Amino acid sequence: MAGSVALVLGGCCLTALPVAARPDGGHAGDRAAVQAIVDGFTARGVPGAMVFAHDRQGRWTVNSGTGELGSDRPIRPWHRVRVASNTKMFVAAVMLQLVGEGKVVLDAPVERYLPGLVRGNGYDGARITVRQLLQHTSGMADYINDVLSDPDANNHPWRPEELVKIGLSHPPLFAPGTGWAYSNTGYIVLGMLVETVTGNDVGAEITGRLIRPLGLWQTTYPQAGDKRIRGPHAHGYYAFPGQPVVDVTELEPSLPGAAAALISTGPDLTRFARALLAGTVLRPDLLAQMRTTVPAEGPDYGLGIREFPLPCGGMAWGHAGNMPGFDSFTAATDDGRSAFAVANGRLTDGSTANLRSAVESALC
């Protein structure tokens with residue numbers, strides 16, 4: 001992909017749309033209701049969209065549009081996509097496993113593990129804790145807007161230290177622990193912390209601790225320089241301001257790094273989310289820490305995961321992922337329901353398809 005890459009990695013701002021309602025006041029969580037939602041996305045300019053769900057009746061899929069412009073090939077459940085900030089659930093799970101092993105203390109300052117990294121311009125790594133990085137309460141500014149203005153951003157690998165430096169070139173948004181603001185910079189720091197305490201690449205830790213044990217065979221953490229999506233995949237599309245829609249499938253993965261580099265599928269992400277909530281990934285006390293939330297922009301935020309109420313009652317847990325070419329949303333419930341939605345482009349007006357509405361309808 002040539003030119004600049006307008007990265008939006010956060011999935012921070014989510015507005016729930018009502019799911020289709022039955023005359024009796026209930027919610028139609030059937031496939032027809034979900035189909036209508038994804039058809040609405042493609043009718044408004046998204047090239048293709050897909051929902052993969054796992055409920056009490058089994059697994060099912062709805063799709064609309066195409067996974068590659070110029071073809072009638074829809075996005076299938078096994079098609080790999082860039083899942084952006086869904087990566088944060090994996091990074092948080094690895095970090096909490098390290099907490100359980102005594103290698104990391106959740107409320108210890110980042111300065112203990114990465115001395116001198118977070119310092120200057122109003123920042124003090126001795127005052128920012130691992131927990132605050134995980135829940136976006138560190139006050140650390142993001143690096144994304146600077147990347148947006150760099151026309152060469154996608155054309156070379158990045159070291160995480162470079163991305164952190166960009167973020168810290170902006171003053172803190174607030175004193176640590178006194179507010180909430182989505183920070184991809186904070187998750188780049190967490191990736192560096194994982195590497196420091198384990199001696200391994202953060203992608204290797206995610207692979208060895210989560211991807212392989214859970215059998216997530218369609219999930220990869222790409223290495224720097226590997227811009228392709230390997231295996232069956234959907235293409236991603238994006239229109240830069242004043243430009244026509246272009247294929248942005250290829251991406252330098254070190255640019256999103258530990259904040260958003262993961263490539264995966266609906267079956268794999270829903271399996272991960274169910275395993276996480278079932279206690280397969282973390283011991284009970286650590287899962288409880290992960291699910292302890294703070295008020296946030298959008299649904300309340302825990303440690304790398306969000307909690308949001310379902311319109312049919314009950315709560316679901318998950319994360320969104322947004323970047324040029326691919327928007328996604330993953331969620332699961334404590335009783336084993338799960339759903340994943342993806343769109344491979346934006347609406348005609350440039351806005352993001354409301355994938356949360358599709359996931360809510362599937363879960364209900």
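K.L.:
For the state of the cysteines, give the residues involved together with the corresponding values.
P.N.:
By the definition in use, this model includes 1 disulfide. Two residues, Cys312 and Cys364, share a disulfide whose sulfurs are 2.0 Å apart. Every disulfide takes its handedness from the sign of the S-S torsion; for Cys312 and Cys364 that torsion is -85°, giving left-handed. Residue Cys312 is found in the loop between strand 11 (306–309) and strand 12 (315–323), and its partner Cys364 is found in the segment after helix 11 (355–363); the two are separated by 52 residues along the sequence. Of the residues examined, Cys364 reaches a relative accessible area of 24% and is grouped as partly exposed.

K.L.:
Any chance you could break down the pattern of salt bridges for me, citing the residues and the numbers?
P.N.:
Side-chain pairing between opposite charges can occur once the charged atoms of the two side chains come close. Scanning the model with the defined rule gives 14 salt bridges in all. Between Lys103 and Glu101 there is a salt bridge whose closest N-O contact spans 3.4 Å. Using a relative accessible area of 41% as the deciding quantity, one classes Glu101 as partly exposed. The partner of Asp285 in a salt bridge is Arg283, with the nearest N and O atoms 2.7 Å apart. For Asp285, a relative accessible area of 40% puts it in the partly exposed group.

K.L.:
Please provide a residue-by-residue account of the sheet that holds strand 13 (residues 326–332), values included.
P.N.:
Strand order across the open sheet formed by 8 strands is 2-1-14-13-12-11-10-9, with antiparallel pairing between neighbours. Whereas interior strands pair on both sides, the edge strands pair on one side only; in this sheet they are strand 2 (58–65) and strand 9 (294–296). Along the sheet, successive strands turn relative to each other by an average axial angle of 25°, direction set aside. Pairing of strand 11 with strand 12, which is carried by 4 bridges, proceeds in the antiparallel orientation. Paired with Glu307 across the two strands is Trp317, which belongs to strand 12. Against the sheet, helix 11 makes contact with strand 1 (48–55), strand 2, strand 10 (298–301), strand 11, strand 12, strand 13 and strand 14 (338–343), and its axis sits at roughly 150° relative to strand 14, the strand it touches most.

K.L.:
Break down helix 2 (residues 87–100) for me, with residues and values.
P.N.:
For helix 2, which comprises 14 residues, the first-to-last C-alpha distance of 20 Å matches the rise-based estimate of 20 Å (1.5 Å per residue) to within 8%. Counting buried residues along helix 2, 13 of its 14 residues qualify, which places the element largely inside the surrounding structure. Downstream of helix 2 by one or two residues, Gly102 has phi in the positive range, about 80°.

K.L.:
Outline the pairing of strand 13, supporting the account with residue identities and numerical values.
P.N.:
Two faces make up the sheet, and in a regular strand the side chains alternate between them. Taken across its 7 residues, strand 13 has 7 buried, putting it largely inside the fold. Both faces of strand 13 are covered, namely the face carrying Phe326, Ser328, Thr330 and Ala332 and the face carrying Asp327, Phe329 and Ala331. What sits between strand 12 and strand 13 in their antiparallel hairpin is a turn of 2 residues, with Gly325 showing a positive phi close to 100°.

K.L.:
Account for the environment of Gly321, with residues named and values stated.
P.N.:
When you line up the elements, Gly321 lands in strand 12. Those residues in contact with Gly321, other than ones at most four positions away along the chain, are Val83, Ala84, Ser85, Asn86, Phe326, Asp327 and Ser328.

K.L.:
Explain the environment of Gly48 residue by residue, including any values.
P.N.:
Within the secondary structure layout, Gly48 lies in strand 1. Spatially, the C-alpha atoms of Gly48 and Ala341 are 11 Å apart, while their sequence positions differ by 293 residues. Beyond its immediate chain neighbours, meaning those up to four positions away, Gly48 contacts Thr42, Ser64, Gly65, Thr66, Ile75, Val342, Ala343 and Asn344.

K.L.:
Let's hear about the side chain of Asp268: which residues, and what values?
P.N.:
Here Asp268 shows up in helix 9 (residues 266–278). What Asp268 contacts, discounting residues up to four positions off in sequence, is Gly215, Leu216, Trp217, Gln218 and Thr219.

K.L.:
Describe the nonpolar core, with residues and values.
P.N.:
Phe90, Val130, Leu134, Ile206, Phe272 and Met290 are the most contacted members of the largest nonpolar core, which totals 87 residues. In terms of residue count, helix 2 provides more of this core than any other element does, 10 residues in total. Leave out the neighbours within four places in its chain, and Phe272 touches Met89, Phe90, Ala93, Leu210, Leu214 and Leu216. Ranked by size, the runner-up nonpolar core spans 26 residues in total, among them Val51, Ala316, Ala320 and Val359.

K.L.:
Could you give me a rundown of the packing of helix 1 (residues 31–43) against helix 11, with the residues and numbers involved?
P.N.:
In helix packing, the relevant descriptors are the interaxial angle and the interaxial distance, both defined with respect to the helix axes. Between helix 1 and helix 11, the least distance of the axes is 9 Å, while the angle of their chain directions is 170°. Compared by their axis directions, helix 1 and helix 11 come out roughly antiparallel. Contacts between helix 1 and helix 11 involve Ala33, Val34, Ile37 and Phe41 from the first element and Leu355, Ser357, Ala358, Ser361 and Ala362 from the second. Tallied by class, the residues present in the contact of helix 1 with helix 11 amount to 7 nonpolar, 2 polar and no charged.

Scoring rules and cut-offs
Residues numbered from 1 in each chain as written. Predicted model: local features only at pLDDT ≥ 70, side-chain atom pairs only at ≥ 80, totals over all residues. Heavy atoms only, no water. Disulfide = S-S within 2.5 Å. Helix = DSSP H or I, 4+ residues; strand = E, 2+ residues; numbered from the N terminus. Buried < 20%, exposed > 50% of the residue type's maximum accessible area, 1.4 Å probe, protein only. Salt bridge = Lys/Arg side-chain N within 4 Å of Asp/Glu carboxyl O. Pairing = 2+ DSSP bridges. Axes fitted to C-alpha atoms, helices over the stretch in contact; angles between N-to-C directions. Contact = heavy atoms within 4.5 Å. Expected span 1.5 Å × (residues − 1). Core = buried A, V, L, I, M, F, W, Y, C linked by side-chain atoms within 4.5 Å. Parallel < 35°, antiparallel > 145°, perpendicular 65-115°, else oblique. Nonpolar A, V, L, I, M, F, W, Y, C, P; charged D, E, K, R; others polar.

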